[in-house]
Amino acid sequence: MTRRARRPPEAPAPRPIPPRILVLHGPNLNLLGTRDPLIYGTTTLAEIDAELVRRGGARGAAVETLQSNHEGALVDAIQAARGRCDAIVINPGAYTHTSIALRDALEGVNLPAVEVHLSNLHAREDFRRESLVAARCVGQISGFGAQSYYLGLDAALAIVERRRAERSPDA
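Every value quoted in this text rests on a predicted model; they were computed, and no experiment measured them.

Asks: Let's hear about the sheet that holds strand β4 (residues 113–117): which residues, and what values?
Replies: Read from one edge to the other, the open sheet built from five strands follows the order β2-β1-β3-β4-β5, with strand pairing classed as parallel. Strands at the two margins of the open sheet, each flanked by one partner only, are β2 (62–67) and β5 (139–142). Strand-to-strand, the axes of this sheet are offset by a mean angle of 20 degrees, without reference to chain direction. The pairing of strand β1 (residues 20–25) with strand β3 (residues 87–91) spans five bridges and is parallel. Within β3, the residue paired with histidine 25 across the bridge is asparagine 91. Against the sheet, helix α2 (residues 45–58) engages β1 and β2, with an angle of about 160 degrees to β2. Most of the contacts of helix α3 (residues 71–81) go to β1, to which it runs at about 170 degrees, and overall it touches β1, β2 and β3.

Laid out in structure tokens, this is it:
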């Protein structure tokens, strides 16, 4: 009787690491739902965050959210995302028009970022039409209310998925 050598079972393919998206909300966005509902809508920030987490989860992604009225806290969050997150979705709020610090932080971490706004910046006051952070973002989505965030998340995930596919040995 001859014995055949058994082949060790093949190791299962490693599971891909879920994409991790950081969503940042700037000053006064904690007031959503009650602040100027004709401009910003009635959806609260908690509702937007819950929907972002739900949508991200449905696509196999982890979504982390943070709101701050303090520029330095947003800069710290952007810097902390380096090496931990795959992309950033950011609504800088009023810092859109004033913050070189946020612009520099986005540039410094070299992560794809999508800028989002609830209202259409270009249909508002002149001072709101210029974004200092837009040049350090892959794109800008504005004017769709809470949907701007969901479109921004979709865009960020598409960018991450495309980059992963390009780096894949099967590509």
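From this point, things continue past the structure.
Asks: Requested: an account of helix α5 (residues 147–167), with residues and values cited.
Replies: For α5, spanning 21 residues, the distance from its first C-alpha to its last is 30 Å, which sits close to the expected 30 Å at 1.5 Å a residue. Among the residues making up α5, those that are buried are Ser148, Tyr149, Tyr150, Gly152, Leu153, Ala156, Leu157, Ile159 and Val160. Contacts from the buried residues of α5 go to β1, α2, β2, β3, β4 and β5.

Asks: Just give me the short version of the pairing of β1, but keep the residues and values in it.
Replies: Burial runs high along β1: five of the six residues are buried. For β1 and β2, the ladder comprises six bridges, and the chain directions are parallel. Residue isoleucine 21 lies in a different strand from β2, and its bridge partner there is valine 63.

Asks: So what's going on with the packing of α3 against helix α4 (residues 100–109)? Residues and values would help.
Replies: Two quantities define a packed helix pair, namely the angle between the axes and the distance from one axis to the other. At a minimum axis distance of 9 Å, the contact between α3 and α4 shows a crossing angle of 5 degrees. By the angle between their axes, α3 is roughly parallel relative to α4. Residues Glu71, Leu74, Val75, Ile78 and Gln79 of α3 pack against Ala101, Leu102, Ala105, Leu106 and Val109 of α4. Split into classes, the residues belonging to the contact of α3 with α4 amount to eight nonpolar, one polar and one charged.

Asks: Could you give me a rundown of the side chain of glutamate 115, with the residues and numbers involved?
Replies: Structurally, glutamate 115 can be placed in strand β4. Within the local environment of glutamate 115, its side chain forms a polar contact with the side chain of serine 131, the two groups lying 2.9 Å apart. Those residues in contact with glutamate 115 that sit more than four places away from it in its chain are Ile90, Pro92, Thr96, Ser131, Val133, Ala134, Cys137, Gly139, Gln140 and Ile141.

Rules used throughout
- Residues numbered from 1 in each chain as written.
- Predicted model: local features only at pLDDT ≥ 70, side-chain atom pairs only at ≥ 80, totals over all residues.
- Heavy atoms only, no water.
- Pairing = 2+ DSSP bridges.
- Helix = DSSP H or I, 4+ residues; strand = E, 2+ residues; numbered from the N terminus.
- Axes fitted to C-alpha atoms, helices over the stretch in contact; angles between N-to-C directions.
- Contact = heavy atoms within 4.5 Å.
- Expected span 1.5 Å × (residues − 1).
- Buried < 20%, exposed > 50% of the residue type's maximum accessible area, 1.4 Å probe, protein only.
- Parallel < 35°, antiparallel > 145°, perpendicular 65-115°, else oblique.
- Nonpolar A, V, L, I, M, F, W, Y, C, P; charged D, E, K, R; others polar.
- Polar contact = N/O pair within 3.5 Å; in protein donor to acceptor, adjacent residues only side chain to side chain.

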